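Listed below, chain by chain, are the residues.
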Amino acid sequence: MSLTDHDVKNIAHLARLALTEEQVPVYVDSLSKIFDFVAQLNAADTASVEPMAHPLADQVQRMRPDEVLDSDQHGKYQRNAPRVEADLYLVPKVIE
Amino acid sequence: MTELHHLTLAELNEGLRARRFSSVELAKHFLARIERLNPTLNALITVTAEQALAAAQRADELLASGEAGALAGVPLIHKDIFCTDGVLTTCGSRMLANFVAPYDATIVEKLSQSGVVMLGKANMDEFAMGSSNETSYYGPVKNPWDLKKVPGGSSGGSAAAVAARLAPVATATDTGGSIRQPAALTGLTGLKPTYGRVSRYGMIAFASSLDQAGTLTYTAKDAALVLRDMAGFDPRDSTSVDTPVPDYVAALDQPLKGLKIGLLKEFFEGGLEESTAKLIREALQVYERLGAQLIEVSLPNLPLSVPTYYVVAPAECSSNLSRFDGVRFGYRCENPKDLVDLYKRSRGEGFGAEVKRRIMTGTYVLSAGYYDAYYLRAQKVRRLITDDFARAFQQVDVLMGPTSPTPAFDIGAKVDDPITMYLNDIYTIGANLAGLPALSIPCGSVGGLPVGLQIIGPHFAEAKLLNVAHGYQNETLWHRDIPKGYE
Amino acid sequence: MMSWETVIGLEIHAQLATRSKIFSSAATAYGAAPNAQANLVDLGYPGVLPVLNREAVRMAVKFGLAIGAQISPRSVFARKNYFYPDLPKGYQISQYEKPVVEKGTMQILLEDGTIKVVGITRAHLEEDAGKSLHEDFHGASGIDLNRAGTPLLEIVSEPDMRSAKEAVAYLKKIHTLVRYLEICDGNMQEGSFRCDANVSVRPVGQEKFGTRCEIKNLNSFRYIEKAINYEVARQIEEIEAGRKIKQETRLFDPDKGETRSLRSKEEANDYRYFPDPDLLPVVIEKDFIESVRGTLPELPDQKAARYIEKFGLSAYDAGVLTASREMGDYYEGVLAALKSKNLEGNEKLAANWTMGELSAALNKDGVEVTESKIDASRLAGLLARIADETISGKIAKEVFESMWAEGKDADAIIEAKGLKQITDTGAIEKTIDEVMAANPKQLADYRSGKDKLFGFFVGQVMKVTGGKANPAQVNDLLKKKLAG
């Protein structure tokens, strides 16, 4: 299959990735090749096969007791934050 | 003369306990090698000399008091995908070039409790996406066997460091072959345990249903020693399995007579180089001499493992990497004009080309209208492949074949062609899709470059795999080879 | 002129009253300092993983059982992917294809007294998002992630409601139920109980649904009614003007009383749902379900039916008294106290007082029934004096007021104020004689046929006795005496 510039820009927007104009044709080319490559999957007969989301089939979700184990550590956690004010993470204005 | 870096981890461990040398001496010895050799290899992103010496000091005290953990004083390098409290944790990415983890990954914690001394953090493909260690923001890692060659990836820094004897062990992770392929390309023993055997907590996720942490060591015995303290149930990881950790070391010496080895027909087809194939056949003869029986088996759906992987892994990665948005940690672009601009430029500038390619691949296969055709279909083929393996293990104890179709290739040779690069993992991906344990051991060399034999077992058969690998290493010396210039 | 039918479906988000978050061990308490309750998992830090809170599952199952739904033996968590600052991981862990609860129902009482069954398509578990604070930080918004990861039960109804009033009735029923079950505190101001409404209109008689709009941000019963009515009128106006309804998300602005467009379907996110690989299938065993069933309280509808059948209350009264678990508990507390005084059979009296004087006093002071200044046994003490005719209903109201103000028993107040009813026939007859003697003209008029003056004599007797004379006895005796 062959993707278009438009397709790649759409995907990049959905994934929130800025691409330069020069990068677009590079990704058009490599992504098209990848989707051609994975199209081999169409050869498999999967009509009666259950999809597999997890490698160990018999495992089920464990549940933890409802206990609070954490104390306030926002100072430590916010040391990695690019912009913080009044203990809040700052982002460009959110408009609803 | 035998130098400290010629000793295996098991020998070092024994020497420490016998007080033949101290942990501080060991740490200093390896740190000096790192200082001298790493600038050429680029195997480490961060060297934690000060902490290492302090930890070694503590280990010596514990060894003296007789209260030391099983691996007290043993030097180790962590792949930079594991969060280490208070230490830079980059995942090989510009996105995390300033990220100091505020906590320890479970395996970091467990190994610390066991007494290991962390020397530093290993270079890697960015977010573990690559097979050559060329996608790292910190530049390619060089293969100590030939500096023009790649060490494999994504755990290329871990592999190059251990191969160059900068440490006797490095942790690593394997999502599609990222432990085994570098092990093969650098002449090491690389173990990827069963999915769920080792906690993923604190390991920065690439593809959650495939990622598994393991080790790069010289020998299977060394791997057994480290895995024993690294494995186990972790209540913080829902996918970690609550089943006891056997004594892998105790099981090493079981005789291999009667072992049923499955030869994967599909592994000897396609792009396998004859020189590599020859070495694999020779290795199999060693097993025959030890009394093993060779049985050819076929996994008809295995050829679909690479395309399956290149749908499943990017899909999971596209979602896992959404948290890198320039808000709470990591790279943030300059002067974003609005929220969307903040996201797009922080991510566009913070991620490298291959990571962006995988995120876009994954975004596409999950998007409306394509989910069934790609993602759901891949999930179904994944089951077919897994079922193939399960059938094979009804007939045989382990499966064997090559780890990589070729020995190490030139740096830069495959960077422009993702498909060719992806096909490097053709023999390793199956085990990830099925969650199986697998390891690679050195079995010879071609033109001075090591070749790896891959051994795959059923779920939770790590003890058997290590036993089988150890049996081979008792008969051969490939695992003792040290690259020229690093003796 | 075309007549239109409104079609409404509701999506309710109820925050589950767990101590810790759905996938992390951070606290869920409301009102903490910014980001003080956001741990590494809530912040979506690299490398961290979710682990499911058993209590959240238990609460979801409890709700499912209470609405007679199917509990999925195997349900799956999925990731809903989109970028937003209050969503730290860039995806919300929710349930998509396999929710924990499916196919339940809820009965609502319509204004005409008939009962309507509203279908509940599903209820699924998910994590709440954080909050964006729009106060001005030099043109930026501040993000507080304390709420991120709080467990939510999203309850999705069928498009079964046909008016804003029905929607409110349904919402109130769910609100009552989650509080009965003690799985949600129901605090709408704090956002513990929120609702989105899907609204469309179609010509009466048409089977096909019209294009719907989703109204967000409906955090009070009043807003919901206003927002839906506004939206219905808007949609009808649009269609009658020859325009088409666009499928879109709209936001209710309570200040203006209007809804406005937030984003159209074309701009809607492609959420790229897929099963969360960090979480395994949630398997709910029969034993677990039965253990939860064992903790179910008597449900509001069951309780109302019992009040109607056993106590002879009207459907309306039974509905009011069961609107909250606490109100029902209070009412039954009064009955129990009366029973201990061997005064059974006063269920209607107790209902009237609980719904009347007591509720009015609670409303006036703005307190909950659990904080009532007159507890159930004290109210029973007052009702006992009405039942044994120590005081009249009228005097009782006065006593009630004093009890509320002074915090004393009914008997103490009756005693102190000398309000005991006069039931002594001789004493009443004596008073009547005095009143007749004092009002000869009125007596003559009455006897010559002015029947209306009977009330005058009752009033006079009550006035002289300070309202304490037993009214029934006054009536009887007056009739005899006046007749001469």
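Residues numbered from 1 in each chain as written. Chains lettered and ligands numbered in written order. Predicted model: local features only at pLDDT ≥ 70, side-chain atom pairs only at ≥ 80, totals over all residues. Heavy atoms only, no water.

- As annotated in an unreviewed UniProt entry, chain C carries the name Aspartyl/glutamyl-tRNA(Asn/Gln) amidotransferase subunit B and is attributed to Steroidobacter agaridevorans.
- UniProt lists a comment for chain C under the heading Sequence similarities (unreviewed entry), and it reads "Belongs to the GatB/GatE family. GatB subfamily." (UniProt positions renumbered as here; feature names shortened; annotations may be inferred.)

- Looking at an unreviewed UniProt entry, one finds chain B named Glutamyl-tRNA(Gln) amidotransferase subunit A and attributed to Steroidobacter agaridevorans.
- What UniProt states about chain B under its Catalytic activity (unreviewed entry) heading is, verbatim, "L-glutamyl-tRNA(Gln) + L-glutamine + ATP + H2O = L-glutaminyl-tRNA(Gln) + L-glutamate + ADP + phosphate + H(+)".
- Of the comments in the UniProt record for chain B, the one headed Sequence similarities (unreviewed entry) reads "Belongs to the amidase family. GatA subfamily."

### Quick word on the sheet that holds strand 16 (residues 274-275) of chain C
Piece 1. Strand order in this open sheet of three strands is 6-5-16 (chain C), and the pairing throughout is antiparallel. A single partner strand is all that each edge strand has here, and the edge strands are strand 6 (91-95) and strand 16 of chain C.
Piece 2. Summarising the sheet, strand 5 (residues 77-81) of chain C and strand 16 of chain C pair through two bridges and their orientation is antiparallel. When the sheet's bridge partners are listed, Arg79(C) is paired in strand 16 of chain C with Phe274(C).
Piece 3. Contacting strand 5, strand 6 and strand 16 of chain C, helix 9 (residues 305-320) of chain B runs over the sheet at an angle of about 65° to strand 5 of chain C. (Pairing = 2+ DSSP bridges. Helix = DSSP H or I, 4+ residues; strand = E, 2+ residues; numbered from the N terminus. Contact = heavy atoms within 4.5 Å. Axes fitted to C-alpha atoms, helices over the stretch in contact; angles between N-to-C directions.)

### Side note on the UniProt feature "active site" (unreviewed entry) in chain B
Residue and element names in this part refer to chain B.
Piece 1. Feature annotation in UniProt assigns "active site" (unreviewed entry) to the following positions: Lys79, Ser154 and Ser178. A stretch of 100 residues holds the annotated residues, and the largest C-alpha distance among them is 11.3 Å, short enough that they meet in one place.
Piece 2. Counting through the fold element by element, Lys79 comes out in strand 2 (residues 75-79).
Piece 3. In this view, Lys79 contacts Lys121, Ala122, Met124, Ala128, Ser154, Ser155, Ser158, Thr171, Ala172, Thr173 and Ser178; residues no more than four positions away in its chain are not counted.
Piece 4. On the secondary structure map, Ser154 appears in the loop between strand 3 (117-122) and helix 5 (156-163).

### As for the packing of helix 8 (residues 347-365) of chain C against helix 9 (residues 376-387) of chain C
For any two helices packed against each other, the geometry is given by the interaxial angle and the distance between the axes.
Residue and element names in this part refer to chain C.
Piece 1. Contact geometry of helix 8 with helix 9 gives a least axis separation of 11 Å together with a crossing angle of 125°. Taken together, helix 8 and helix 9 sit at an angle that is classed as oblique. Considering the relative orientation of helix 8 and helix 9, their crossing is right-handed. Contact with helix 8, carried on its side by Leu349, Ala350, Trp353 and Thr354, involves Leu379, Leu382, Leu383 and Ile386 of helix 9 and no other residues of that element.
Piece 2. Residues that form the contact of helix 8 with helix 9 fall into these classes: seven nonpolar, one polar and no charged. (Parallel < 35°, antiparallel > 145°, perpendicular 65-115°, else oblique. Left-handed = near helix turned anticlockwise from the far one by under 90°. Nonpolar A, V, L, I, M, F, W, Y, C, P; charged D, E, K, R; others polar.)

### Considerations on the sheet that holds strand 15 (residues 258-264) of chain C
Residue and element names in this part refer to chain C.
Piece 1. The strand order 3-7-8-11-1-12-13-14-15 describes an open sheet built from nine strands, whose pairing is mixed. Strands at the two margins of the open sheet, each flanked by one partner only, are strand 3 (70-71) and strand 15.
Piece 2. Pairing analysis gives seven bridges linking strand 8 (residues 115-127) to strand 11 (residues 151-157), with the strands arranged antiparallel. By the bridge assignment for strand 11, His124 is matched with Glu154.

### Let's talk about the interface of chain C and chain A
Piece 1. In this complex, chain C contributes 54 residues to the contact, which on the side of chain A involves 34 residues.
Piece 2. Here chain C meets chain A over a buried area of about 3,900 Å², counting both sides, of which 57% is carbon and sulfur.
Piece 3. Our enumeration of links across chain C and chain A arrives at zero salt bridges.
Piece 4. Counting every contact that joins chain C to chain A gives 21 residue pairs in polar contact (both at pLDDT 80 or more).
Piece 5. Elements represented by at least two residues in the side of chain C that touches chain A include exactly strand 2 (52-53), helix 1 (54-66), strand 9 (131-137), strand 10 (140-144), strand 15 and strand 17 (282-283) of chain C.
Piece 6. Here the side of chain C that touches chain A takes six residues from strand 9 of chain C, the largest share from any one element.
Piece 7. Broken down by class, the residue content of the side of chain C that touches chain A amounts to 30 nonpolar, 13 polar and 11 charged. (Buried area = accessible area lost by both parts, 1.4 Å probe. Salt bridge = Lys/Arg side-chain N within 4 Å of Asp/Glu carboxyl O. Polar contact = N/O pair within 3.5 Å; in protein donor to acceptor, adjacent residues only side chain to side chain.)

### What about the layout of surface pockets?
Residues and elements named next belong to chain C.
Piece 1. Considered as a void within the structure, the second largest pocket measures approximately 1,600 Å³ in volume.
Piece 2. Around the second largest pocket sit 43 residues that line it, and Lys172, Thr176, Gly319, Val320 and Ala323 are the ones nearest its centre.
Piece 3. In terms of residue count, helix 2 (residues 164-180) provides more of the lining of the second largest pocket than any other element does, nine residues in total.
Piece 4. Counting contributing residues per domain, the lining of the second largest pocket is built from domain 1 (4-292) and domain 2 (300-417), each supplying no fewer than three. (1 Å grid on protein atoms, 1.4 Å probe; cavity = no way out; pocket = protein on both sides within 12 Å on 5 of 7 lines; lining within 4 Å. Points joined across faces, edges and corners; volume = space filled by probe spheres on them. Domains from an automatic or database assignment.)

### Let's talk about empty space enclosed by the protein
A probe as big as a water molecule, rolled over the atoms, marks out the empty space that is left.
Piece 1. If you walk through the whole model with that rule in mind, you get five cavities of 30 Å³ or more.
Piece 2. Computed from the structure, the largest cavity encloses a volume of approximately 170 Å³.
Piece 3. Lining the largest cavity are 21 residues, and of these Val41(C), Asp42(C), Lys89(C), Ile93(C) and Glu127(C) sit closest to its centre.
Piece 4. Among the residues making up the lining of the largest cavity, the classes are represented as 12 nonpolar, three polar and six charged.
Piece 5. Within this model, the second largest cavity holds a volume of roughly 80 Å³.
Piece 6. Taken together, Ile204(B), Ala205(B), Asn320(B), Arg323(B), Phe324(B), Pro46(C), Gly47(C), Val48(C), Leu49(C) and Asp278(C) make up the full set of residues lining the second largest cavity.
Piece 7. For the lining of the second largest cavity, the per-class residue count stands at six nonpolar, two polar and two charged.

### Looking at the UniProt feature "domain: Asn/Gln amidotransferase" (unreviewed entry) in chain C
Piece 1. Here, UniProt's "domain: Asn/Gln amidotransferase" (unreviewed entry) annotation points to residues 329-482 of chain C.
Piece 2. Taken end to end, residues 329-482 of chain C is 72% helix and 0% strand, and its two terminal C-alpha atoms sit 48 Å from one another.

### Section: the interface of chain A and chain B
By a widely used convention, the size of an interface equals the accessible area lost when the partners come together.
Piece 1. Tallying the contact residues gives 49 residues for chain A and 70 residues for chain B.
Piece 2. Taken together, the two surfaces of chain A and chain B that pack against each other cover about 5,200 Å², and 69% of this comes from carbon and sulfur.
Piece 3. The interface formed by chain A and chain B holds one salt bridge in total.
Piece 4. Its salt-bridge partner being Lys76(A), residue Asp85(B) comes within 3.5 Å of it at the nearest N-O pair.
Piece 5. Across the contact surface, chain A and chain B share 20 residue pairs in polar contact (both at pLDDT 80 or more).

### Topic: the domain arrangement of chain C
Piece 1. What the domain assignment reports for chain C is domain 1 (4-292), domain 2 (300-417) and domain 3 (425-483).
Piece 2. Taking only C-alpha atoms, the centre of domain 2 of chain C and the centre of domain 3 of chain C are 33 Å apart.

### Describing the side chain of Glu266(B)
Residues and elements named next belong to chain B.
Piece 1. Position of Glu266 among the secondary structure elements: in the loop between strand 7 (260-264) and helix 8 (274-289).
Piece 2. Side-chain polar atoms of Glu266 contact the side chain of Ser298, separated by 2.6 Å.
Piece 3. Sequence-distant contacts of Glu266, that is, excluding residues within four places in its chain, are made with Val297, Ser298, Leu299, Pro300, Leu302, Pro303 and Tyr427.

### Details of the pattern of salt bridges
Close approach of charged atoms allows side chains of opposite charge to pair.
Piece 1. For the structure shown, the criterion picks out 52 salt bridges over all chains.
Piece 2. Residues Arg480(B) and Glu11(B) are paired through a salt bridge, measuring 2.6 Å at the closest nitrogen-oxygen approach. Of this pair, Arg480(B) sits in the segment after helix 15 (462-475) while Glu11(B) sits in helix 1 (residues 9-17), and the two are 469 residues apart along the sequence.
Piece 3. A residue is classified by how much of its surface remains accessible, and Arg480(B), at 35% relative accessible area, is partly exposed.
Piece 4. Ionic contacts of the salt-bridge type, sharing partners, join the residues Arg200(B), Asp237(B), Arg79(C), Asp276(C) and Asp278(C) into one network. (Buried < 20%, exposed > 50% of the residue type's maximum accessible area, 1.4 Å probe, protein only.)

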